[in-house]
Each structure stands twice: as structure tokens, then as C-alpha cells.
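The chain contents come next:
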Amino acid sequence: MSKRSHSIHAGIFAMLCVGLMYFLHHLPVNQLFIDPFSEAIKQHDIMDIAISKFRNHNKTHLFDNRIFVVNSGLTNREKLAQTINLLNEKGAQSIGLDILIDTFYQTKADTLLKEAIQKASTKIILGYTLNKDFNNQTPSINLNTHPFFSAGIANGYVNLATNDGFSVRAFVPTIEIEKKLNLAFSTHLVSKVDTSIIPILKNRKHTSEWINFRRVQPGPRSMEFPINSGKASHYMLLDIDKFLADSALYDSTFLKNKIVLIGFCGETENSFSMNDRYFTPLNEQYTGRSLPDMYGIMIHANIISMLLDKDFIEDIPSSIIYFLGFLIFFINYLTFKRIIKKYNFMQRIFIRLFQIFEFVILFTLAILLLVFWSWKLSFFFIATAIILSYELYEIYERKLDDLIERGISKLITKKSKY
């Protein structure tokens, strides 16, 4: 077989393999029986390794002075009212209450909280939840703040996009419910400060956005492996009691233009609670993880920082991914052919070594793209192409090679007659 014929076969092989992978990817049924890797790695992503291991989280410029977080601890409505009043008086630009006050007890504390929320009505955003997986096409409101407190007040959904209920890598910035555009909690808070964010998100036309995690969870009990062994702290975080006790220290310049988040970060300043805590790509133990590393309110803080900086992660287009898949199959076909011809008895060893080398090179490329340029390569597709290339090559050689060779010969013969 000539070199030209090898190239023709490599091209046909690559097209057939990419077509097969495209077909399997778009099957409308559960393809786990054909795709044994998906279930094994669904809780892992290239982001986990790139962000936790290859980014320097101790750079001083990462501290975000635009965001201030108040740990509500165990919810005390009177303290919440005092905190909201204080933030409003001291000039906070935007206040996010990531606490569902869904019951009304008709107490003095309830009245005080309602009055505080009403006074800060132009600044405050309340949270609510949707009773949906974000793949569901019929979302509806699940839990929200009681109308006694929320009448006339803007709100945003606090749901975070997870594939297992615990690992957070993305969020849905906006969603349409009954032909009305609903904003995520973080999106709504940023829109109070930067009105350009909604048009920017609409123009991006992404159903969900990857969260470009750069800032580590602060707090006294979080400065340890696997959460924050580098002892970095990128947001100012104060317990609600300490904030109220030191209120005289915070003048209008301290809170001016700040987004203030009020939410749960442990029952007390020194507690290490597992409530409302998630795994993120910042978790230093990205495999076999046991301790979730970030409270929900701090994930919202990371999202807000990302939106304020317009620091988005861009997906490499699927057309480029399929082209890379084509190149992998094309190159591997020619390489396997050469290895088998040259190393007849040790062909499998050299083929597997080549695949490992190829995997390392492309894995390194995916890491570099994400760490330095915030471009996310769908490495699962690439890895699958590398892993299956030899098995598909054997099928092609045994079942299709002769058939296609005869077809090529007939085509060449017909052309030569003309």
C-alpha cells in the first residue's frame, strides 16, 4: 500500500471515527453501555486540576475590596434587621440576603426586619430557590421569602448548577419562567452596580457560565488542607455579632460602592459547619474528595467578582473539538500503521506508550489554555478519542480496510478510463 493510499485510509478512518463519536454523543438515550468513562469521571473536570493546582492563589491583587461578606450564623431576625439598617446607613451600594425568610411569626423581630428591608428596598436583593434541575425545561419557584418581608423587593434565585448536588463549577445567570426573565442572585446584585452586565450576558448567549474561581474561602477554620492550606484570604468576612459590635469603625467610605453579602458561613466565627457547603475547583484534593471547600455565599462572591471583571471562561467551539478529534484519529492511524510494520512483536507496548505520550501532551495543552487564557477544552472528548483510537483502528483494519481499498481501486480505474 502506497503512502498516498495510507493517507486516504487515514482520512476515511478519521471521518468514520469522528462520525461515530458524534452519533454516540447525540444519542437520545442513556449511552452508558457504550460510554463506560462518563459515569466514572462525571464528578471530575479539567477545571478541578487546573484551578486548584496550577493557579497561584496567594497573589495580593486577588483580594477583592469591592465585596464584603457578613456571616449570619444561626439566623436571628433582629440582628439581620440591625445589620441591614447599618449597611443602608453606611452607604453600601448593593445588599444581598442569601437567607430564605419563608415563615412569618408575627413577632417584633419580624416587624423590625420588614422595616429594615423596606428602608433598603432600592439596594437589597432577596434570594429564592427554584425546584428544578437546570436541565429541566419547566422551572418554577420553590422557596422564597414570605410576602410580609418581600413585597415590592427585587429577588434572584440562589440555585447553583451542579451535576451531583455537591460539585459547583457553573451557574445559570438568567432563566426564563413563564416568559419573564429571572436573574440569578449574583447577576441581580452586579446589575445594581454595573448596568452593562445583563446585555453582556445576553450577547454571550450561554445557557450557563463556568465560574472562573480565583478567590479562596476565608475564615479561621478554613485555613487547612484540603480547603486553604496556603492561608489565602480574598474577601473581608465578619461574623454578624462582630460586625454589629464594631459598627462605629465602618464609615461611609468603607462601604461606599461595595456589594455586601449576608449569608451562612458557619454557626459561629470559629465553627466548621458542613451546611450549605460545596465542592469547587478550588478544593486542593480534587480526587477522592471528602471535605467540601466553600460555602454557597462565597461561591456567589466568586461569581460576582467574575462578573464585575468580565473574567469569563470561554468554551473552545465544538467545531474545533471535532477537528482535533479528526487530527488525533488521522495521526494515530498513520502512527499505528508504522509501529506495527516496524515493531511487529512489541507493537502493543509502543502503541500504548505513544497514546500515553499523546495524552500527556494534550492534557498539558488543556491545562495551559485554562490557566493562562481561560479557554476550556472539552478534554473528555479528546481523551476518549485517544483511548478508543487503537481499538477502532483494529476494527477498521479487520473489517473495512479491504472493502474500502477495493472501492478506491475501482474509483481510480474509472478515472483512468476517462
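Residues numbered from 1 in each chain as written. Predicted model: local features only at pLDDT ≥ 70, side-chain atom pairs only at ≥ 80, totals over all residues. Heavy atoms only, no water.

1. Re the overall build of the chain
- Each helix and strand counted, the chain has 14 helices and 16 strands in total.
- Evaluated residue by residue, the chain yields a buried proportion of 49% over its 418 residues.
- Considering only residue pairs separated by 6 or more positions, the chain has 78% of its internal contacts joining residues 24 or more positions apart.
- Carbon and sulfur atoms provide 58% of the accessible area of the chain, an area that totals close to 21,400 Å². (Helix = DSSP H or I, 4+ residues; strand = E, 2+ residues; numbered from the N terminus. Buried < 20%, exposed > 50% of the residue type's maximum accessible area, 1.4 Å probe, protein only. Contact = heavy atoms within 4.5 Å. Areas by Shrake-Rupley, 256 points an atom, 1.4 Å probe, with all protein chains shown as cover.)

2. Brief notes about the sheet that holds strand β6 (residues 161-162)
- Sheet architecture is open: 3 strands sit in the order β6-β7-β10, paired in antiparallel fashion. For this open sheet the edge positions go to β6 and β10 (209-210), each flanked by a neighbour on one side alone.
- Two strands pair when backbone bridges link them, and strand β7 (residues 168-171) and β10 are joined in this way by 2 bridges, in the antiparallel orientation. Within the sheet, the bridge partner assigned to A170 lies in β10 and is W210. (Pairing = 2+ DSSP bridges.)

3. Thoughts on the nonpolar core
- In terms of nonpolar packing, the biggest core is built from 82 residues, with L261, I299, L307, F329 and I382 touching the most fellow members.
- Here this core takes 10 residues from helix α14 (residues 379-417), the largest share from any one element.
- Leave out the neighbours within four places in its chain, and L261 touches I67, F68, V69, V70, G96, F185, L189, I297, H300, A301 and I304.
- Among the nonpolar cores identified, the runner-up in size contains 30 residues, and F68, I84, I95 and L113 belong to it. (Core = buried A, V, L, I, M, F, W, Y, C linked by side-chain atoms within 4.5 Å.)

4. Digging into the packing of aromatic side chains
- Taken as a whole, this structure holds 25 aromatic pairs when the rule is applied.
- Relative to Y333, the ring of F13 has its centre 5.4 Å away and its plane inclined at 40°; by these criteria the two rings are tilted. Note that F13 is positioned in helix α1 (residues 3-25) and Y333 in helix α12 (residues 318-342), a separation of 320 residues in sequence.
- On the numbers, 6.1 Å between centres and 20° between planes, the contact of F326 with F330 is stacked. One end of the pair is F326 and the other is F330, both in helix α12 and 4 residues apart, which spans about a single turn.
- Note on F330: relative accessible area 23%, which makes it partly exposed. (Phe/Tyr/Trp six-rings, centres within 6.5 Å; stacked < 30°, edge-to-face > 60°.)

5. Focus on the pairing of β7
- Of the strand pairs in this sheet, β6 and β7 are connected by 2 bridges, and their pairing is antiparallel. Pairing of T162 across the sheet is with V168, part of β7.

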